[in-house]
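# Observations on the three-dimensional arrangement
Here are the chains, one letter per residue:
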Amino acid sequence: MSTFKLVISSPDGDVFKGDAEMLTVRGTEGDLAVLAGHIPFITSVQPSDCKILLEDGTEKSGHTEGGLLTVSPEQTTLLSGTFHWK
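In this text, all values refer to a predicted model and were calculated from it rather than measured experimentally.

Definitions and limits used
Residues numbered from 1 in each chain as written. Predicted model: local features only at pLDDT ≥ 70, side-chain atom pairs only at ≥ 80, totals over all residues. Heavy atoms only, no water. Patch = residues over 30% accessible without salt bridge, like charges linked within 9 Å, V, L, I, M, F, W, Y side chains within 5 Å. Areas by Shrake-Rupley, 256 points an atom, 1.4 Å probe, with all protein chains shown as cover. Salt bridge = Lys/Arg side-chain N within 4 Å of Asp/Glu carboxyl O. Helix = DSSP H or I, 4+ residues; strand = E, 2+ residues; numbered from the N terminus. Buried < 20%, exposed > 50% of the residue type's maximum accessible area, 1.4 Å probe, protein only.

Here the focus is a nonpolar patch on the surface. Together, Ile 42, Leu 68 and Leu 79 make up a nonpolar patch on the protein surface, roughly 270 Å² of accessible area in all. Here Leu 79 is to be found in strand E9 (residues 76–80). Given a relative accessible area of 42%, Leu 79 falls into the partly exposed group.

Structure below.
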């Protein structure tokens, strides 16, 4: 599976910065998944759990208290007011 550049940032700095195969999070219209090649868009993120699937098949889980998700051809960025790993 293809990967994309993912950055998760909070006011304390970058929480995650690396390649991912998939990011799942809850947007304003419900749960969504971002994969490599996803169309560019911006959405607010609701307080929710999020999951990152890494290229080696492992999964990282965390929780965001809300924020902003930006998907572009160069990078996907989740800006979160508060983020913690589970």
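A separate point is the pattern of salt bridges. Evaluation of the coordinates by the stated rule reveals three salt bridges. Across the salt bridge formed by Asp 19 and Lys 5, the nearest N and O atoms sit 3.0 Å from each other. A residue pair is termed long-range when its members are at least 10 positions apart, and Asp 19 in strand E2 (residues 13–20) and Lys 5 in strand E1 (residues 4–10) qualify at 14 residues. Judged by its relative accessible area of 27%, Asp 19 is partly exposed. Salt-bridge contacts for Asp 49 lead to Lys 86; the nearest nitrogen and oxygen are separated by 2.9 Å. Of the two residues, Asp 49 is situated in strand E6 (residues 48–53) and Lys 86 in the segment after strand E10 (83–85); the sequence distance between them amounts to 37 residues. Given a relative accessible area of 42%, Asp 49 falls into the partly exposed group.

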